[in-house]
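Fold and contact review
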Amino acid sequence: FFAVRYSRKRHPEAQPVKQRLWLEITWTLVPTALVLSMFFYGLEGFRIMRDTPEDAMQVKVYGRMWEWSFEYDNGKITDKLFVPIGRNVQLVMRSLDVIHSFYIPSFRIKEDLLPGRDTYLWFKPQTVGPSDIFCAEYCGQRHAFMMSQVIAMPEPEFNRWYSQKEGEPGLLGAPAVKLMDVHGCLACHSLDGSNKDMIPLNGIFGKKKLVIRDGQEMEVDVDEDYIRRSVLRPGFEIVKGQMDMMEAPDDLASGDLDIIVNYLKELK
């Protein structure tokens, strides 16, 4: 319309535009009213997301490169999120390294995890079955593999699972395995060699490894000292053919390290 109405043929000489106060007021007030309407409408939805019901079951969520772990009030730690159907669940989340983003597409919920700061969200599962969990914030080389699942189950079944004692089927088993999961070891290592994309830990004790130390290639024995060095100073000796990606844990107690070392000594 403007290209035709105000073409050069119709107006060979440019003329100044006259100011129209009522038009300027209109095109200021109308968009302002629309934006404010959308704001208050959206605010109601945001309040629902932020106001957690008082009866919500709380689960702590930890994100690290490149895995999720979930801790329950009774001390259980799992790599999948188990929740009862029809019950409000609040996730209190924290990153142990870089920024991550907890995302469940089928639940339409997403919230960032920040190092040194707790964030949260809540939801109420409605149907039985697993739903995928992703990281929606690029967090490094294996970002695409940072996945888990929400396992929604009927409340009686959840209560049975929740009351299972340590070491019973379905739990993480040995204390050493739990410690390794908490501190991120199982994000890149497997305990039985079944996952070919992960570095196996079974059967390594007493063997020899070809490593690069200070740019020099050498052979070392996989003994207690080597395992401790690998955990506490991961960049000191790099196994030949592997990448220097591991970070030293900043909260691993010496007693916990002893448990892990003794476990790996017996792992076949």
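Residues numbered from 1 in each chain as written. Predicted model: local features only at pLDDT ≥ 70, side-chain atom pairs only at ≥ 80, totals over all residues. Heavy atoms only, no water.

**Things to note about the overall build of the chain**
- Within the chain, the secondary structure is distributed over six helices and 15 strands.
- Relative to the 2.2 N^0.38 estimate, which gives 18 Å for 268 residues, the radius of gyration of the chain is 28 Å and therefore markedly larger than a compact globule would have.
- Counting only C-alpha atoms, the chain reaches 90 × 55 × 30 Å along its principal axes.
- Residues counted as buried form 34% of the 268 residues belonging to the chain.
- If you take every contact in the chain between residues at least 6 apart in sequence, the share linking residues at least 24 apart comes to 58%.
- Here the chain displays about 17,100 Å² of accessible surface, and carbon together with sulfur accounts for 55% of that area. (Helix = DSSP H or I, 4+ residues; strand = E, 2+ residues; numbered from the N terminus. Rg over C-alpha atoms; globule rule 2.2 N^0.38 Å. Buried < 20%, exposed > 50% of the residue type's maximum accessible area, 1.4 Å probe, protein only. Contact = heavy atoms within 4.5 Å. Areas by Shrake-Rupley, 256 points an atom, 1.4 Å probe, with all protein chains shown as cover.)

**Considerations on unusual backbone geometry**
- Trp66 follows Met65 through a cis peptide bond whose omega is 0°.
- Its place among the elements puts Trp66 in the loop between strand 1 (57-64) and strand 2 (67-71).
- Notably, Arg108 is not glycine yet its phi reads approximately 60°, a positive angle.
- Looking at where Arg108 falls in the secondary structure, it is placed in the loop between strand 6 (100-104) and strand 7 (109-113).
- The residue Asp214 is not glycine, and still its phi comes out positive at about 55°.
- In this structure, Asp214 sits in the loop between strand 13 (208-213) and strand 14 (216-221).

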